[in-house]
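If you want the building blocks of each chain, they are given just below.
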Amino acid sequence: MICKLAIKPLIILSALTLFLACEKKREDGEAAALPPAVQAIAEDAPQAAAEEGEKPSDGDMLVFSSIGEPLNLIPAISSDSASHEIAGFIYNGLITLDKNMNIAGDLAKSWEISEDNLTITFYLRDDVLWHDGKPFTAEDVLFTHRFMIDNSTPTAYDKDFRMVASVEAPDNYTVKVSYDEPYSPSLPSWGLWIMPKHLLDGVPATKSDLQRNPVGTGPYIFKEWKSGYINLTANPKYFKGKPHIDRVMFRYFTDQSAAFMELLNGGIDVNPLTPAQYAKQTDTERFMSQYETYKYLASSYTYIGYNLRRKPFDDKRVRQALSYATPVNNIINSVMHGYATPAAGPFKPGTVWHNDALSHYPLDLAKAEELLREAGYAKNNKGVLVKDGKPLKIELITNTNTTRQQIAEVIQNGWKELGITVSIRVFEWGTFLNEHVNKGDFDALILGWTIVTDPDISPIFHSEGCKAGATLNFICYSNPDVDTLFDKAIRTFNTEERKGYYDRVQEILTEEQPYTFLYVPYALYAVSSRVRGIEPAPAGIFYNIEEWFVPKELQKYK
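Rules used throughout
- Residues numbered from 1 in each chain as written.
- Predicted model: local features only at pLDDT ≥ 70, side-chain atom pairs only at ≥ 80, totals over all residues.
- Heavy atoms only, no water.
- Helix = DSSP H or I, 4+ residues; strand = E, 2+ residues; numbered from the N terminus.
- Areas by Shrake-Rupley, 256 points an atom, 1.4 Å probe, with all protein chains shown as cover.
- Pairing = 2+ DSSP bridges.
- Axes fitted to C-alpha atoms, helices over the stretch in contact; angles between N-to-C directions.
- Contact = heavy atoms within 4.5 Å.
- Phe/Tyr/Trp six-rings, centres within 6.5 Å; stacked < 30°, edge-to-face > 60°.
- Buried < 20%, exposed > 50% of the residue type's maximum accessible area, 1.4 Å probe, protein only.
- Lys NZ or Arg CZ within 6 Å of the ring centre and 35° of its normal.
- Arc of directions from axis to C-beta.
- Polar contact = N/O pair within 3.5 Å; in protein donor to acceptor, adjacent residues only side chain to side chain.
- Parallel < 35°, antiparallel > 145°, perpendicular 65-115°, else oblique.
- Left-handed = near helix turned anticlockwise from the far one by under 90°.
- Salt bridge = Lys/Arg side-chain N within 4 Å of Asp/Glu carboxyl O.

1. So, the overall build of the chain
A count of helical and extended segments in the chain gives 16 helices and 21 strands. If you sum the accessible surface of the chain, you get close to 21,500 Å²; carbon and sulfur atoms cover 47% of it.

2. Examining the sheet that holds strand 4 (residues 108-113)
Within the open sheet, the four strands sit side by side as 4-5-7-6. Their pairing is antiparallel. A single partner strand is all that each edge strand has here, and the edge strands are strand 4 and strand 6 (164-171). Along the sheet, successive strands turn relative to each other by an average axial angle of 20°, direction set aside. As defined by bridge partners, strand 6 adjoins strand 7 (residues 174-179) across five bridges and the pair is classed as antiparallel. Bridged to aspartate 171 within strand 7 is threonine 174. Helix 2 (residues 138-149) rests against strand 5 (119-124), strand 6 and strand 7 of the sheet, and its axis sits at about 165° to strand 6.

3. Concerning the packing of aromatic side chains
Counting across every chain of the model gives 32 aromatic pairs. For the ring pair phenylalanine 287 and tyrosine 291, a centre distance of 5.2 Å and an interplane angle of 35° mean the geometry is tilted. For the residue pair phenylalanine 287 and tyrosine 291, the accessibility class agrees, reading buried in each case. Arranged with centres 6.3 Å apart and planes meeting at 80°, the rings of phenylalanine 442 and phenylalanine 474 form a pair that is edge-to-face. Of this pair, phenylalanine 442 sits in the loop between helix 13 (429-437) and strand 20 (444-450) while phenylalanine 474 sits in the loop between helix 14 (458-461) and helix 15 (480-489); the two residues are 32 residues apart in sequence, bridging distant segments of the chain. Put simply, the rings of Tyr301, Tyr303, Phe442, Trp449, Phe461, Phe474, Tyr477, Tyr515 and Phe517 touch in pairs and so form one group of aromatic residues. Lysine 295 extends its terminal NZ or CZ atom over the ring of tyrosine 522, reaching a point 5.6 Å from the ring centre. The ring of tryptophan 353 carries the charged tip of arginine 498 above its face, separated from the ring centre by 5.6 Å.

4. Some remarks on helix 10 (residues 328-335)
Every buried residue belonging to helix 10 is among Val328, Ile331, Ile332 and Val335, and all of these are buried. Along helix 10, the residues classed as buried sweep out an arc of 110° about the axis, all on the same side. Elements in contact with the buried residues of helix 10: helix 7 (275-280), strand 14 (340-342), helix 12 (402-416) and strand 21 (515-528).

5. Some details on the side chain of glutamine 555
Its place among the elements puts glutamine 555 in the segment after strand 21. By relative accessible area, glutamine 555 is classed as buried at 13%. At 2.9 Å, the side chain of glutamine 555 forms a polar contact with the backbone oxygen of valine 550.

6. Points about the packing of helix 10 against helix 12
It is the contact of helix 10 with helix 12, at a shortest axis distance of 10 Å, that shows an interaxial angle of 140°. The angle between the axes of helix 10 and helix 12 places the two elements in the oblique class. Considering how the two elements wind past one another, helix 10 and helix 12 form a crossing that is right-handed. Mapping the contact onto sequence places Asn330, Ile331, Ser334 and Val335 in helix 10 and Thr403, Gln406, Ile407, Val410 and Ile411 in helix 12.

7. Observations regarding the pattern of salt bridges
One pass over the structure, following the stated rule, counts 23 salt bridges. For the salt bridge of arginine 504 with glutamate 507, the shortest nitrogen-to-oxygen distance reads 3.0 Å. You can see arginine 504 and its partner glutamate 507 sitting in helix 16 (residues 495-512), three residues apart, about one turn around the helix. The network of salt bridges with common partners includes Asp60, Asp269 and Arg530.

Next up, the structure:
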């Protein structure tokens, strides 16, 4: 996710934060054909290294690439990365994360937490305007709470708000939030996007014009959404100061190869790179003269998710066997070119919540065959696994993502050695999410999640999420012991005690394998070398995008 840092929301990623490394490489390029709204004024902007103390300049535009267009721009009712990416530029929460991943004020300038941890009093900024000029007040916060718990709002992010006992506004710039019981994610949960009461009150979210014409309080104002791109303009009245970059454009591509070709042609300024692109295509003189690259361990993980509503995936022995037959190290070495580390569970290695006693399932075909025999499968004379006369066939689906498609092929070959027939289907992002993920119409899929700062991952694995419609628990995982552990974990503020609960959750997930956890990737980015102000930190590189700038002599766009 770009720009604002997600504290609470969990989102589906395409593959993008503990900072490990930053590498600089530099491209001579030709101007590329851009959408009609873009007018380049220099084909080959001169390159210059950032100088210490260089004064920021206003102007220019940055063009970002993304795979797949947003589904809608009301972030509470979307769960895809493309939608949340745009939302990060447009909306604010009461709090956010700073570059060191510490909680900091956003729409709230300060807050107080009662001694019993049951009440948070937020003191709001009084200098914030919505993009249409209306003042932001406590009424917007109260409305956002009502909006999130309204049963007619099709959101997957309502849990935190349903935990609230009451919300009141003593005045226009004070909000008092009370809980009946201690709720450890309470403060981080208010990093969620605050919505405009004057535009949404009384309007069903699914019929609101904000789905395609959002109005927020953030650093950039929505301008237009045309086929293939979205334009944003700098907010001149942004409460933290007008961003230096005047315009931001998101261009949408069907696949990563097409985006990379446009990067090489000079039509993109910020582009996520596949491991193969980073390893093999960024060390040319042309590329290094025009772009700098950045690498750091991402706060995300990639996994295989199994539809537990369908046989044979309701049998944990089958899921365990598939994990033992998945060549994770091969995937990391061949597909990821080493730019990933194996994932043993849903928390980031090196963080307090990660259970270091656990490891990913090693490749062990003998163990996989033993488990499948226990589950009633045997190979016929053609080497095909059969149970009750039916061969074991699995359809593995993913979205149009080059890396994931390659991973699917490695998995297909790995499982084939067990006698399993695997077919691969690849869908455009919107179709993939709406017709298959949200409807539970799949056998197994390859996807990724962000790893958020607060460890409450219950929206993904709590049985309450096992229901029809847009839910984060679309595999329908259900375990009463895990539910109990989640419920206990959110009732304590003691880190050691809370970690004990999540350590046990990870042990159970390791045993039951509702996911085959694959890897935590490195975030790999190419950014135009004309951009200044990028300061890599534990939060990555996008946390201070409002401070990025392009020196006047390097500016490329009107």
